[in-house]
Amino acid sequence: MPNPFDLLGVAATADDDAIKKAYLHQVRAHPPERDPTRFQAIRAAYEAIKTRRDRLRYRLFQLETPELTELAVAALQQPGSPRRRPSETQLRQLLNNRLTHPK
Amino acid sequence: MRKPAPQPRLRLDDLPTRELIARGAALRAAQDYKDAIDVYKLLLKREPQSASGWREALATAYLERARQLAQKGMYREAAVLWENLPTLCGQTPQPEQYLDWLLRSGQYAKAMRAYQEYAARLTTADGVETLLAALALAGQKDVLQALPADAPLRTHLAAAQAALRAYSQGEAEEVVRERLKALSIRSPYRDLRQALAALLKLETDPSGALILIERIPATSPYQDLVELVRTGAARDPARALLALDPALHEPASGLLGLDAPQLKLLKDWARLNDNSSDKAKFEFITTHLALFDREQARRGGLALLLAYPQGLKPYAQQFGPLSPFETQRLQALRAERAEQLADALHAWQGCANHALQNSSDPDPSLTAALILRHMAELLEKEDSGWDDGQRLRDCLEQSLRFDPDDRDVYLRLAGLHQAVGNDKDCHHWVEQAVKHFPDDPVALLAAVKTATARKAHKKAASFAARVLELDPINSKARAVLINAHLAHARKQMRAEKYVLAEKELNSASQMERDRIRTGVIEINRGLLALQQYQRDRGRQWLREGVRLAGSPVLAWLRLAVEALRLKREPADFQRDAELGDPSKLSVSRTDLLALARIINAYHEEEELKDLGTVLEDLEKPLQRAIKTLTSEDDLLLVCECLHQAPHYGLLEYAATRALELQPHRALFIYYQIYGRAEGKPYQMKGRDDDRLEDALKRAAAAKDHRSAVLIERFLMDGGFPFRLPRGRPRSEPAMPQSLPMPPKMRREMEEIRRELERLPPVLREQMLNQILDDLPPDEDVPPEIQRALMKTLLLGGSIEKLIDELPDFPLPPQGRGRRGT
């Protein structure tokens, strides 16, 4: 199971209300009739961390290897340097790549 | 049986022309152009007079095959195939595709020659020209040399380069726009114009940029620029970046303003996707720690230590040493992964102790409680049976001391005590559940169940009434309440308290909504009236009950059950109820299935011991009805019900009928043998024993777990310890290490054993013999075996060894006796 906090888009410190809100938001975005697989995953994630007791249980006994996506996303969201346009060489390179190694 | 030798495959050359034509057409229809080419080449060789037809077909096959290769990215091979067309078929169909393949395979000089050669025939030259323009822009200027000086591909190149340069060098928006204006909508460089305009727009209006890229075709060579725009305009650009083609990482990182460490992270992320080992993940965290939220990174690293214990040292360097609690937790989880239960339990126990001692844990009691419950789950999964689940129960009980707010744990404990026959403790835990959760329907329903089991009908009714207050449509509670009133009414009737009985029946009647207990209340009213010598009233009610029951057989079942519950003979009311001789009743399939469902419902409601006896009177009509069944599902329902009732004779009959339809179904074989042996494994015939063993193997192979469990239980539990399954080596113990027995009995045995040990040998022998002489007779076990077993138990010898040494003892005398229990 993917990290339920990541799946619902909540912080690891989120409380019951925040988790419920995030869950309802996700269910609206992925209703069961349109996206049943995603809905099931959302539902399972919610059940896993719904209450304080559930969250503690999840943290104590989870055996899955952690997903690092959220960690990486947060790192990339930090302000870095000023935005800059790609160089002419980079753009030519992209064109060349696309023409010689079409996808 | 020997496998027939495969027939030699006919060579194409051996086929007559007519067959070749048919085969060629079939291969083309099946899109097998590779083989179709061979066929048409042969036809062309064999019948040159009708060559034009074959040439046409061959050209199509070649072109389609080339397309297939191009779809797989094999552009060079596709171009080579196309080049065969002029020589073999005298045709050059769709040259624009050939040009496209040449360009995509990097054969620019050849492409330009082809472009010039087929220029007049190019129907859709747009795509090719866009490709050539992109190549020129990318630096492959030689592609344009062969073109006339006034060709748009050459004349617009400078403007395109100027626009590209202006954008890349960071010129102001207006300047870049001015440069883009020089490229018309008809220019072969128009996709570049659109892509640059979108990139420019991205800086001020990302959603507007997305609209601009909509006009760039999916096959355009500028699609990578389109991807850059999409990433920059994404709702979550950081997430989009992670999913982006690594070749685009650098330009995209500039567009989104990433610094060098972030770009490094992005590149490492791409590598991580190629190698997502736990080690690689751990190193990813430690390498980019400065960019991460430290606590999140610590948690991620900690979770990875489970699978990557070598990371412990670097983890400690980065985040400090692990706390004793975490060390134990990791040990426990690792032991769980390795399925080493004892180690896992030991480590979890240590973990719980640390949690309780650790002042930094925000909720030490809850942590300890959850750990203890987890230990109970592990013990339950393992289910070694060596301590009758005592440790499991201890864990759960202890957990409630730390966290009393878990309803399910109370009920679980109640269930566990019930499973070992400890009704007192079962009741205690249900009471605790109700005490802690007085408004919880689940706890209340459990209380209803235990109260009913203890025949405390009034109490059961009060719990059920509370459930109905909380949840008025709870049909289970309603049914329980009605049953409680009915049970209480029967009690009053037996005590000859008729007014009170009438009151209870009235209460039951008021509660009845769905008439699910069709006729039961009315039958009881009838029986009550008859008991008070009110014959007319009694008859009236009984007949009303019979009418409501729906059919004579169902009515008989209802009447018989109710009469037996009042310790009366059903036959006494046969005439009053206007029910004929039950053995002459006609039973339809619908009646039979309804009867099975009612019997199952009786079982769910409460344990009824007289059902088998009730069915005695219906044996003949039921047999006739069973004989007419042709559906496997129907027979299964009937067998299940008779297995539960139980009625061995009818069960054997129904299973035999089912086996006529499904001769190899393990479940039916089990039901037949179970019925024939009257539920007693030692009454099984040798042949049946073998059949059951085979059925078990078949059920296991077919993953029919339910049948396998039923058969195994019958073979092992019922026969234990006097038989070993066929084919099981004697050295391999098939049964638990010790005899299953209630804890109290085990304790008593242990006490007696200790007392005996204290005695001098002569006196010990005397005392032992006296105990063995006083053993109550057991009709299922010969006395010498019984003595040997008890002696081994009391002297602490090996039961397994004894079982190995025991001879097969003769079966008790055959004879069905009274059916049912």
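Residues numbered from 1 in each chain as written. Chains lettered and ligands numbered in written order. Predicted model: local features only at pLDDT ≥ 70, side-chain atom pairs only at ≥ 80, totals over all residues.

Engineer: When you look at the overall build of chain B in this model, what are you seeing that I'm missing?
Structural biologist: In terms of helices and strands, chain B carries 45 helices and zero strands. When burial is assessed residue by residue, chain B has 38% of its 821 residues classed as buried. Contacts in chain B between residues at least 24 apart in sequence constitute 52% of all its contacts with a sequence separation of at least 6. (Helix = DSSP H or I, 4+ residues; strand = E, 2+ residues; numbered from the N terminus. Buried ≥ 20, exposed ≤ 12 C-beta atoms within 10 Å, placed from the backbone. Contact = placed C-beta atoms within 7 Å.)

Engineer: I'm lost on the overall build of chain A in this one. Help?
Structural biologist: Secondary structure summary: chain A contains six helices and zero strands in total. Shown N-terminal to C-terminal, the secondary structure of chain A runs as helices and strands in the order α-α-α-α-α-α. Counting every position in chain A, which comprises 103 residues, the buried fraction comes to 28%. Of all intrachain contacts in chain A linking residues separated by at least 6 positions in sequence, the fraction that spans at least 24 positions is 49%.

Engineer: In this structure, what is going on with the packing of helix α27 (residues 441–453) of chain B against helix α28 (residues 457–470) of chain B? I would like to understand it.
Structural biologist: The description of two packed helices rests on the angle between their axes and on the distance between the axes. Residues and elements named next belong to chain B. Where α27 contacts α28, the two axes come as close as 8 Å, and the packing angle between them is 160°. By the angle class used here, α27 and α28 are roughly antiparallel. The chirality of how α27 crosses α28 is left-handed. Between α27, through Pro-441, Leu-444, Leu-445, Ala-447, Val-448, Ala-451 and Thr-452, and α28, the contact on the second element is made entirely by His-457, Lys-459, Ala-460, Phe-463, Ala-464, Arg-466, Val-467 and Leu-470. By residue class, the composition of the contact of α27 with α28 is 11 nonpolar, two polar and two charged. (Axes fitted to C-alpha atoms, helices over the stretch in contact; angles between N-to-C directions. Parallel < 35°, antiparallel > 145°, perpendicular 65-115°, else oblique. Left-handed = near helix turned anticlockwise from the far one by under 90°. Nonpolar A, V, L, I, M, F, W, Y, C, P; charged D, E, K, R; others polar.)

Engineer: Would you take a moment to explain the interface of chain B and chain A for this structure?
Structural biologist: How large an interface is tends to be reported as the accessible area lost when its parts come together. Between chain B and chain A, the residue contacts involve 58 residues of the former and 39 residues of the latter. Within the side of chain B that touches chain A, the residues separate by chemical class into 33 nonpolar, 14 polar and 11 charged.

Engineer: Explain unusual backbone geometry to me, please; I cannot follow it from the model alone.
Structural biologist: Residue and element names in this part refer to chain B. Geometrically, the link from Ala-645 to Pro-646 is a cis peptide bond, its omega value of -20° lying close to zero. Along the chain, Pro-646 turns up in the loop between α37 (632–644) and α38 (648–661). Positive phi values are uncommon outside glycine, yet Glu-678 reaches one of about 55°. As for its position among the elements, Glu-678 is in the loop between α39 (666–676) and α40 (686–701).

Engineer: What is the right way to look at the environment of His-288 of chain B in this model?
Structural biologist: Mapped onto the elements, His-288 of chain B comes out in the loop between α18 (278–287) and α19 (294–305). His-288 of chain B sits in the buried class, given 20 other C-beta atoms within 10 Å. C-alpha separation for the pair His-288 of chain B and Gln-262 of chain B, spaced 26 residues apart in sequence, amounts to 8.7 Å. Discounting residues that sit within four places of it in the chain, His-288 of chain B has contacts with Ala-75 of chain A together with Leu-265 and Asp-268 of chain B.

Engineer: I'm lost on the confidence of the model for chain A in this one. Help?
Structural biologist: Averaged over all residues, the pLDDT of chain A is 88; the fraction at 70 or higher stands at 96%. Mean pLDDT per element in chain A: helix α6 (residues 88–100) of chain A is the minimum at 86, and helix α2 (residues 16–29) of chain A is the maximum at 95. (pLDDT = per-residue confidence, 0-100.)

Engineer: Quick question: what am I supposed to make of the nonpolar core here?
Structural biologist: Counting residues in each nonpolar core, the largest one holds 231 residues, and the members touching the most others are Leu-196, Ala-654, Tyr-670 and Ile-711 of chain B. With residues near it in sequence (within four places) discarded, Ala-654 of chain B still touches Ile-626, Leu-635, Val-638, Cys-639 and Leu-642 of chain B. Listed in part, the 11 residues of the second largest apolar core include Val-10, Ile-19, Ala-22 and Ala-45 of chain A. (Core = buried A, V, L, I, M, F, W, Y, C linked by C-beta atoms within 7 Å.)

Engineer: Could you clarify how one ought to interpret helix α21 (residues 324–337) of chain B in this entry?
Structural biologist: An α-helical turn contains 3.6 residues, so any two residues separated by three or four positions project in the same direction. The first and last C-alpha atoms of α21 of chain B sit 20 Å apart over 14 residues, in line with the 20 Å expected at 1.5 Å per residue. Residues Phe-325, Gln-328, Arg-329, Ala-332, Leu-333 and Glu-336 of chain B constitute the buried set of α21 of chain B. Projected down its long axis, α21 of chain B carries its buried residues within an arc of 130°, all on one side. Against α4 (52–61) of chain A together with α22 (341–357) of chain B lie the buried residues of α21 of chain B. One or two positions beyond α21 of chain B, positive phi appears at Glu-339 of chain B, with a value near 55°. (Expected span 1.5 Å × (residues − 1). Arc of directions from axis to C-beta.)

Engineer: Looking at this structure, how should I read the environment of Ser-462 of chain B?
Structural biologist: Residue position: Ser-462 of chain B is located in helix α28. C-beta crowding within 10 Å serves as the criterion here: with 16 such atoms nearby, Ser-462 of chain B is assigned to the partly exposed category.

Engineer: For this particular structure, what's the right way to read the confidence of the model for chain B?
Structural biologist: Predicted coordinates in areas of low pLDDT are best not read in detail. All names here are of chain B. Mean pLDDT over chain B stands at 83; residues scoring 70 or higher make up 87%. Here residues 811–821 is a poorly scored stretch, pLDDT under 50, and it has 20 contacts once near neighbours within four places are set aside; other chains count. Predicted complex, confidence summary: ipTM 0.83, pTM 0.58.

Engineer: Sorry, what's going on with helix α36 (residues 619–628) of chain B here?
Structural biologist: Within α36 of chain B, burial applies to Pro-621, Leu-622, Ala-625 and Ile-626 of chain B. Along the axis of α36 of chain B, the buried residues cluster in a sector spanning 140°; they form a single face.

Engineer: I tried to follow the packing of helix α12 (residues 190–202) of chain B against helix α14 (residues 223–233) of chain B on my own but got confused; where do I start?
Structural biologist: Residue and element names in this part refer to chain B. Close contact between α12 and α14 brings their axes to 9 Å; oriented N to C, the two are set at 20°. In terms of their interaxial angle, α12 and α14 are classed as roughly parallel. The element α12 and its partner α14 pack so that their crossing is left-handed. In this structure, α12 contributes Ala-195, Ala-198, Leu-199 and Leu-202 to the contact, and α14 contributes Leu-225, Val-226, Leu-228, Val-229, Gly-232 and Ala-233.

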